[in-house]
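Reading the structure
Here's the letter readout for the chains.
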Amino acid sequence: MSISGLISLAFTAMIIENVILNQFLGICPFLGVSKKRSSAVGMGVAVVAVILLSGIITWSLYRFVLSPLKMEYMQTIVFILVIAALVQMVELILKKTSPALYKALGIYLPLITTNCAVLGVALINIRKDYNFAEMIVFSLFIPLGFLLVITIFSMLREKIDTAPVPKAFKGTPIALITAAILAMIFSRFGGLI
Amino acid sequence: MNQKQNFFKGIIKENPLFVTVLGTCPSLAITTSLENAIGMGIAVFFVLVLSNLIISLLTVNPKMKELVKPVRIPVYIVVIATLVTIVEMVLHAFLVDLYNSLGVFIPLIVVNCIILGRAEAFASDNKPVDSVVDGMGMAIGYTLALMSISFFRELLGRGLITVWGEKSANPIQLNLLPIFEFIGIEPINMFLKPVGAFLTFGFILAVLAAIANKKAAKMASEVKQA
Amino acid sequence: MNKNLLPGVVLLVIGLICGVLLAFINSITAPIIKANADKIILDSLAEVYIGASSYNLTEEEGTGNVDKLFILSDKTSGDTVAIIYSVKAEGYQSTVNMLIAVEFVNSSEYIVKGYKVVSQGETSGIGDKIVNHDFKMVNASITNLSTFDAVSGATFSSGAVRTCFESVSTRVASDFGGAQ
């Protein structure tokens, strides 16, 4: 794929087909950890690291091990085990090498295993038959889109907390309706390409 | 708790989607049609009931439970991923249309928090029969929740609901297009888009919260009078 | 045995059981999945080659402009009856993708039975006319492009279509020779 193709893939992955607002992956942390901006950013950064790493590992495993062995049907099991192991390893390494970073991101790491965006990106890389460059771009810009949206969303939620919301809408309902308006805004970026 | 309560708690009191808000990703992504929602529900039913059964069988013996404990999460994941892959292969072979429209959300059942959540919170501490009943209740509760979201989305977004086979000669249909025409509006396409998913889910949760609030207020006033 | 290793062994055993189970179910469903996928391809091939679905299908990767070869062979004798080529060529501003069906007559004659522009991004109103244009190639010999009728005013787009036919004509003899 040409450079311009990669740039448009990056833009599409991050903005137009945003992982949360358009593809509905990673909704649980999006609703769960977006009440405060600091925790939202922490979660977002951890997700970027894990998705990029797991994307590279799962793609390589599929290309060089599962596919030659004709064991494609094992991909879901292998991928989820790789992700679970990777999250544990990242946690251990962070704990040893950078206690400050571990303190900031550590509590989000176990939650990432069941973040469907991680497994989702690994599977989409295979389903769309991406080559190495496309896989790297996709696995980087999808979580960057996650980081962008969860940051914006947490700032909105901090404001909404102080607003007079009808009692029935308090909490998750108003969060979903805010997300709907965000989704409407993001879908209009589609006209740019 | 008797078997009946055990079954019905998953449908109403502890509905996985509407009360504990678990498994939200597929509930937003594949609820564009009622048919998809039912298909997803059946897939989740199969996986949840069997994973609950297998995991409770694995942990029913206290010795075995102690043995599995340090590696229980990987064991759950392997069991669940196997069941999901089976569902995926069977759908791919026999129901290609459904397989295509659910897409990546079939393998993603693996990370659906409901299934891992029930394994950890219920199946690992309960008898096989109870776990199966719990799984059935939870899966049916989830399916009903998916169906109610997709019902509104498909009805408002397309104007008609088709179940089982748009291609077949006489599909089961609920057609509201004449009513739309009578009022003089088009079906609201937005409800089939991501915006509609968030809006519908948000409003359903709000209505349920309003009902719960009213009940709580009524109970509080009754307590006061007494 | 070491007590700490035992849980790992349990996990390994469960993993193995699951792997074997999946391999077994895969061996049942894989042929059905393959047959379904072939049927979808055959249905789309039927647009360029009538009756495509009554033959056996094998796929081969192509080289250069030729992306893929769909080889149709007789279900009983196994003889190659026709080859449908998926070909691409650069047009004015986009890549033109075509399907071209070629039928075997004798070892020196191969007849075009149908073709279709499956995707293109040529200038609308000018180059995109190639989609429905009759290039006068049906029932012509693939090696003889004298009847080729270009879209007037769309030189580059027609040129891409012509390149597609030429790419097929240079390899058709060896493809049929190699397949039989």
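Residues numbered from 1 in each chain as written. Chains lettered and ligands numbered in written order. Predicted model: local features only at pLDDT ≥ 70, side-chain atom pairs only at ≥ 80, totals over all residues. Heavy atoms only, no water.

The next subject is the interface of chain B and chain A. Taken residue by residue, the interface counts 36 residues in chain B and 36 residues in chain A. Buried area between chain B and chain A, both sides added, is near 3000 Å², and the carbon and sulfur share of it is 83%. The interface formed by chain B and chain A holds one salt bridge in total. A salt bridge links E88 of chain B to R127 of chain A, with the shortest nitrogen-to-oxygen separation between them at 3.2 Å. In this structure, the connection of chain B to chain A is made through one residue pair in polar contact (both at pLDDT 80 or more). Residue assignment for the side of chain B that touches chain A shows that the elements contributing at least two residues are α2 (24–29), α5 (72–94), α7 (113–121) and α10 (194–225) of chain B. The leading source of residues in the side of chain B that touches chain A is α10 of chain B, at 13 residues. The residue inventory of the side of chain B that touches chain A, partitioned by class, reads 28 nonpolar, seven polar and one charged. (Contact = heavy atoms within 4.5 Å. Buried area = accessible area lost by both parts, 1.4 Å probe. Salt bridge = Lys/Arg side-chain N within 4 Å of Asp/Glu carboxyl O. Polar contact = N/O pair within 3.5 Å; in protein donor to acceptor, adjacent residues only side chain to side chain. Helix = DSSP H or I, 4+ residues; strand = E, 2+ residues; numbered from the N terminus. Nonpolar A, V, L, I, M, F, W, Y, C, P; charged D, E, K, R; others polar.)

Here we take up the nonpolar core. Where a protein is soluble and globular, its nonpolar side chains tend to be buried together. If you look at the biggest cluster of nonpolar residues, it comprises 129 residues, and the most contacted ones within it are F30, I112 and L119 of chain A together with F105, L108 and F198 of chain B. Setting aside residues no more than four positions away along its own chain, I112 of chain A makes contact with M43, A46, V47, V50, V87 and V118 of chain A. The next biggest cluster of nonpolar side chains, apart from the first, holds 31 residues, and it includes L69, A89, A140 and F165 of chain C. (Core = buried A, V, L, I, M, F, W, Y, C linked by side-chain atoms within 4.5 Å. Buried < 20%, exposed > 50% of the residue type's maximum accessible area, 1.4 Å probe, protein only.)

This part takes up unusual backbone geometry. The backbone phi angle of K70 of chain A is positive, close to 55 degrees, even though this residue is not glycine. Within the secondary structure layout, K70 of chain A lies in the loop between α3 (37–66) and α4 (75–97). The class of K70 of chain A is exposed, set by a relative accessible area of 64%. We note that K136 of chain C has phi near 55 degrees; this positive angle belongs to a residue other than glycine. Tracing the backbone through its elements, the reader meets K136 of chain C in the loop between β5 (109–119) and α2 (155–179).

A few words now on the packing of aromatic side chains. Aromatic ring pairs are described here by two measures, namely the spacing of the ring centres and the angle between the planes. Applying the stated criterion across every chain yields a total of 16 aromatic pairs over all chains. Between the aromatic rings of F18 of chain B and F201 of chain B, the centroid separation amounts to 6.2 Å while the plane-to-plane angle is 45 degrees, which identifies the pairing as tilted. Taken together, the residues F18 of chain B in the loop between α1 (3–9) and α2 and F201 of chain B in helix α10 connect sequence positions 183 residues apart. Taken together, a centroid distance of 5.3 Å and an interplanar angle of 20 degrees make the contact between F135 of chain C and F148 of chain C stacked. With F135 of chain C in the loop between β5 and α2 and F148 of chain C in the loop between β5 and α2, this residue pair connects regions lying 13 residues apart in the sequence. You can call F135 of chain C buried: its relative accessible area is 0%. Members of the aromatic cluster, connected to one another through ring pairs, are Y115, F135, F148 and F165 of chain C. (Phe/Tyr/Trp six-rings, centres within 6.5 Å; stacked < 30°, edge-to-face > 60°.)

With 32 residues, α10 of chain B ought to run about 46 Å at 1.5 Å a step, and its terminal C-alpha atoms sit 47 Å apart, in line with that. Those residues of α10 of chain B lying buried are P194, V195, G196, A197, F198, L199, T200, F201, G202, I204, L205 and A206 of chain B. In this structure, the buried side of α10 of chain B is in contact with α2 (27–32) and α9 (172–187) of chain A together with α2 and α8 (128–158) of chain B. (Expected span 1.5 Å × (residues − 1).)

With that settled, consider the interface of chain C and chain B. With 15 residues of chain C at the interface, the matching set in chain B holds 19 residues. Linking chain C with chain B are zero salt bridges. Linking chain C to chain B there are one residue pair in polar contact (both at pLDDT 80 or more). Across the side of chain C that touches chain B, the residue classes break down as 11 nonpolar, four polar and no charged.

Moving on, we get to the packing of helix α8 (residues 132–160) of chain A against α9 of chain A. Residues and elements named next belong to chain A. For the pair α8 and α9, the least separation of the axes is 11 Å and the interaxial angle reads 135 degrees. It follows from the interaxial angle that α8 and α9 lie oblique. Here the hand of the crossing between α8 and α9 comes out right-handed. Together, L148, V149, I152, F153, L156, R157 and I160 of α8 and I174, A175, T178, A179, L182 and F186 of α9 make up the contact between the two elements. Taken together, the residues of the contact of α8 with α9 break down into 11 nonpolar, one polar and one charged. (Axes fitted to C-alpha atoms, helices over the stretch in contact; angles between N-to-C directions. Parallel < 35°, antiparallel > 145°, perpendicular 65-115°, else oblique. Left-handed = near helix turned anticlockwise from the far one by under 90°.)

Another aspect to go through is the sheet that holds strand β3 (residues 80–90) of chain C. Residues and elements named next belong to chain C. Strand order in the open sheet made by the five strands is β1-β2-β3-β4-β5, with antiparallel pairing throughout. Single-partner strands in this sheet number two, and they are β1 (56–61) and β5. On average, each strand axis in the sheet is tilted by 20 degrees relative to the strand beside it, whichever way the strands run. One ladder, built from six bridges, connects β1 with strand β2 (residues 66–73); its direction is antiparallel. Within β2, the residue paired with T58 across the bridge is I71. Contacting β1, β2, β3 and β4 (95–106), helix α1 (residues 5–45) runs over the sheet at an angle of about 90 degrees to β1. (Pairing = 2+ DSSP bridges.)

So, about the domain arrangement of chain C. All names here are of chain C. Examined at the domain level, chain C breaks down into domain 1 (1–45) and domain 2 (55–176). Each of domain 1 and domain 2 has a C-alpha centre, and the two are 39 Å apart. Across the contact, four residues belong to domain 1 and seven residues belong to domain 2. Between domain 1 and domain 2, a total of about 470 Å² is buried, with carbon and sulfur atoms accounting for 78% of that surface. (Domains from an automatic or database assignment.)

This part is about the pattern of salt bridges. Residue and element names in this part refer to chain B. What the rule picks out here adds up to 12 salt bridges over all chains. Of the charged contacts in the structure, one is a salt bridge between D134 and R118, with a shortest N-O distance of 2.9 Å. Taken together, the residues D134 in helix α8 and R118 in helix α7 connect sequence positions 16 residues apart. A relative accessible area of 13% places R118 in the buried class. Salt bridges sharing common partners tie together K9, R118 and D134.

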